[in-house]
Every structure is written in structure tokens, then in C-alpha cells.
Amino acid sequence: MSHASLAPELVADYSLRTHNTFGFDVRARHAMKIDSVEAAVAIAADRRIANMAQLVLGGGSNIVLTRDFDGVALVVGIAGKRVIGEDDDAWLVEAGAGENWHDFVAWTLAQGMPGLENLALIPGTVGAAPIQNIGAYGLEMGERFERLGAVELATGERVEFDRAACALGYRDSFFKRAGRGRFMITSVVFRLPKAWTPRAEYADVARALEGAAKCDAQAIFDAVVAVRRAKLPDWTVLGNAGSFFKNPVVSAQAFDALRAREPGVVSYPQADGRVKLAAGWLIDRCGWKGRGIGGAAVHDRQALVLVNRGGATGAQVLELAGAIRRDVLARFDVELEMEPVCL
Ligand code: EPU
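Residues numbered from 1 in each chain as written. Predicted model: local features only at pLDDT ≥ 70, side-chain atom pairs only at ≥ 80, totals over all residues. Heavy atoms only, no water.

Under an unreviewed UniProt entry, the name given to the protein is UDP-N-acetylenolpyruvoylglucosamine reductase, and the organism recorded is Caballeronia ptereochthonis. Its UniProt record gives the protein the following Sequence similarities (unreviewed entry) comment, quoted word for word: "Belongs to the MurB family." UniProt, in the comment section headed Pathway (unreviewed entry), describes the protein in these words: "Cell wall biogenesis; peptidoglycan biosynthesis." (UniProt positions renumbered as here; feature names shortened; annotations may be inferred.)

See below:
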């Protein structure tokens, strides 16, 4: 995503269309690119914006913008990638929050420091990755996370968050809960183990690897890119925010009842005895694939992804999401939880 049009100074009446991967043309009363930690610290003392509502935006790949924003959009553009240290077991690498996630993953491989390859091609920025603890194809970012640097917007104070403080969960963290809207993440440090082992159990990835000469990190990276390109829409062509719902986790009892009625239900047993269901399967089974409301539609190759076929608004996407939730609840007695954040 190009932020070239937005400068590190305050501008008025700014379209966020190129700053959200659904491509919704909502406007912010003000906007400013934040390109350094110092600029992030300075927000609290900037009398022009300190009392405005503030919206921190990375790549805008996990947000539904439903209306114009009467405040200041702070677009994180903090750059930089470096190896900051190592111990016997791992390398520590750090990236500025504004770095493109996929480019950062490719860079770590080029440094000979694998470990993030399963997360190739996920849209968005490095700084947004911990907020929803991005995950795909058998790996969650949290497994490679060391710490992050942030600035508290109201005070300008620099704060460091270790793993525990981030409270990372499945597509979840402190920054989606109690910390929501309070901090700007400025940098993230990852711990990449020197003893690399492939994560290639995920069926689609294993299949894509079949032709590869060897199963190294680059081969997994390539396989993940191929699988994602085959299944998931490219937001630059068809606006979307990835999975629109989390895969719901139900009790063993509820699962048994469901399976009795729906023997084909796709499920993943959890360590605590509960069972995770594939929301995409539930939505697909309700007949939603390829259907929509106005320009908002369910992707025709992955029912968990809602897309902007052109001209959709955030409100239409939410309306569609509501209809899907009602159907899934009525048919399977399962509540779907939305995955992106909503303005
Ligand atoms: N399925 C269907 N119909 C569909 C979609 C899926 O029957 O329309 C079935 C598939 O056949 C499969 C199962 O549901 O048996 C799961 O589908 P898939 O492997 O595509 O993964 P997912 O559970 O839908 C999750 C993540 C994705 C991640 C993939 C791969 C969540 C909410 N989503 O999707 O993450 O890329 O696994 O690991 O956990 C994202 O978070 O934005 C995202 C794209």
C-alpha cells in the first residue's frame, strides 16, 4: 500500500480509500503520517490534535470503516529493519511498525534467518501484526514474538510490552481489548530460532510442496504464497480484510450434538477438550458462497472472506455479516465473532 500521498504533517479532509484494504472511500477530518518514534511521542503535546479523536492506521487490512471519521487518522509509516542481537538459540530482529509485513518476512529469509515463512503474503504492516496476533498455515506470530515498543498516545510516554503484557491469543491481544485505541505500536522485535524446523503439516501447503526439490524455508514461503494466491482474493483487485470471522470454539458437548446432525463438519480439537470449527465451512454450508448484498459479497473461493465487489460501503459489509451470523446461529446454534475491528 502506498502512503506516498500522505506527508508527515497535518492535512485536512483526507480520503482513507487507499489506507484500508476494503477500499472504502471514507474521509478523515484530519490525517497525518507518523514516520518516527519522536513524531509519535510528539502527538500528546500537539495542541492541534491532542484533543481530537485519534485513529491509528497501519495498512488498514483488518478494519471496517463504516463512516467518515471526525478526528485525526494517524498513519504509521515508521521504517527500518535490523538484526539487533543473538544468543545461542536465536536471532533477534527488529522492524519499524510501518514496514510492510510480507517484505519483512522476505527480508528475514534473505538474512538467512527463517521462522516467519508460513506468514508470507499476509497484508498489512509489522506494527499491526501483534494486535490480532496474525496466524496462518500452522504458525502464529506469537510463537516468534519477543517484545514491542509503543507510545501511549495521551501521554507521549514510551512503553515496552513483553509477551505477557501483550496477552496474545487466537487473533487477539491486549491491543484489541483494554489497550484498544490507547497506544501506537512503533516497533516489534522477533525471536527467530537458529534450530529451524519446517511447519508443513497444513494440507494445502504440504500439497503445494510436493513438487519442491527440498523442504527449506524458501520452499515453504513459495508454497504459502501459491496457496494464498489460489484461495484468497488480492485486496488490490477485490477489496477485503481477510477472514471476516474467527473460527469459533465450542464445548465438546455442543460439538457432539452438532456432529450428530452434520457429520461432515470441519473441526480441530483443542488442548482444553473444546473443539474449534471452521467458520468458512459453516458459512459455505448455509449457501452464502458467492452471494451478497449490494457490492458486499461472500468470496466465491473462501466463504470466510467478505469482499467489496465495487461500490460497497462498510455498512453494507456489516449488514451482510449480520445476515450470515443469523443464518449460522439458526442452523448450527453457533455464534460467529467478527475478526476485524470496526469504526
Ligand atoms: N471451508 C469450506 N468452505 C469455504 C471455506 C472453508 O468448506 O468456503 C473449509 C475448508 O475446506 C477447510 C476448512 O473450512 O476444511 C478451513 O478452511 P481454510 O483452510 O481455508 O482456513 P480457515 O480456517 O478458513 C484460517 C485463518 C486464515 C488462515 C488460514 C490458513 C482464521 C479466522 N482464519 O482460515 O487467516 O490464512 O486458516 O491457516 O483463523 C485471516 O485471519 O485473515 C486469515 C486469512
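1. Overview of the environment of Ala 165
Structurally, Ala 165 is set in helix 3 (residues 163-166). C-alpha of Ala 165 to C-alpha of Pro 340: the two residues are 175 residues apart in sequence and 21 Å apart in space. (Helix = DSSP H or I, 4+ residues; strand = E, 2+ residues; numbered from the N terminus.)

2. With respect to helix 5 (residues 217-231)
Relative to the 21 Å expected for 15 residues at 1.5 Å per residue, helix 5 spans 21 Å between its end C-alpha atoms, a close match to the ideal helical length. When helix 5 is considered as a whole, its buried residues turn out to be Ala 217, Ala 219, Ile 220, Phe 221, Ala 223, Val 224, Val 225, Val 227 and Arg 228. Each element contacted by the buried residues of helix 5 is listed here: helix 2 (101-110), strand 8 (135-136) and helix 4 (203-209). (Expected span 1.5 Å × (residues − 1). Buried < 20%, exposed > 50% of the residue type's maximum accessible area, 1.4 Å probe, protein only. Contact = heavy atoms within 4.5 Å.)

3. Comments concerning the layout of surface pockets
Estimates place the volume of the second largest pocket at around 280 Å³. Around the second largest pocket sit 20 residues that line it, and Val 37, Glu 94, Arg 158, Thr 186 and Ser 187 are the ones nearest its centre. Contributing elements (two or more residues each) for the lining of the second largest pocket: strand 6 (81-86), strand 7 (90-96), strand 10 (145-152), strand 11 (158-162) and strand 12 (183-193). Counting residues per element, the lining of the second largest pocket draws most heavily on strand 10, which supplies four residues. A breakdown of the residues in the lining of the second largest pocket according to their chemical character gives nine nonpolar, five polar and six charged. (1 Å grid on protein atoms, 1.4 Å probe; cavity = no way out; pocket = protein on both sides within 12 Å on 5 of 7 lines; lining within 4 Å. Points joined across faces, edges and corners; volume = space filled by probe spheres on them. Nonpolar A, V, L, I, M, F, W, Y, C, P; charged D, E, K, R; others polar.)

4. Description of the sheet that holds strand 17 (residues 292-293)
Strand pairs in the sheet, formed through backbone hydrogen bonds, run parallel or antiparallel to each other. If you walk across this open sheet you meet the four strands as 13-19-18-17, and the pairing is antiparallel. Edge positions in the open sheet fall to strand 13 (239-243) and strand 17, since each of these has one partner strand only. Summarising the sheet, strand 18 (residues 296-298) and strand 19 (residues 305-308) pair through three bridges and their orientation is antiparallel. Among the inter-strand pairings, Ala 297 is bridged to a residue of strand 19, identified as Val 307. Its contacts with the sheet place helix 8 (residues 314-332) against strand 17, strand 18 and strand 19, and it is angled at close to 35° to strand 18. (Pairing = 2+ DSSP bridges. Axes fitted to C-alpha atoms, helices over the stretch in contact; angles between N-to-C directions.)

5. As for the UniProt feature "domain: FAD-binding PCMH-type" (unreviewed entry) in the protein
According to UniProt, the "domain: FAD-binding PCMH-type" (unreviewed entry) feature falls on residues 24-195. The span residues 24-195 carries 12% helix and 37% strand; its end-to-end C-alpha distance comes to 43 Å.

6. Points about the packing of aromatic side chains
Inspection of every chain in the model, using the stated rule, returns 15 aromatic pairs. Consider the rings of Phe 104 and Phe 190, whose centres lie 5.3 Å apart with planes at 40°: the pair is tilted. Residue Phe 104 is located in helix 2, and its partner Phe 190 is located in strand 12; the two are separated by 86 residues in the primary sequence. Taken as a pair, Phe 104 and Phe 190 share a single burial class, namely buried. Measuring from centroid to centroid gives 4.9 Å for Tyr 137 and Tyr 202, while their planes differ by 85°, and the two rings are edge-to-face. Of this pair, Tyr 137 sits in the loop between strand 8 and strand 9 (139-140) while Tyr 202 sits in the loop between strand 12 and helix 4, and the two are 65 residues apart along the sequence. Relative accessible area serves as the criterion here: at 36%, Tyr 202 is assigned to the partly exposed category. A network of ring pairs unites the aromatic residues Phe 22, Phe 24, Phe 244 and Phe 245 as a single cluster. Sitting over the ring of Tyr 170, Lys 276 keeps its end group 3.4 Å from the ring centre. (Phe/Tyr/Trp six-rings, centres within 6.5 Å; stacked < 30°, edge-to-face > 60°. Lys NZ or Arg CZ within 6 Å of the ring centre and 35° of its normal.)

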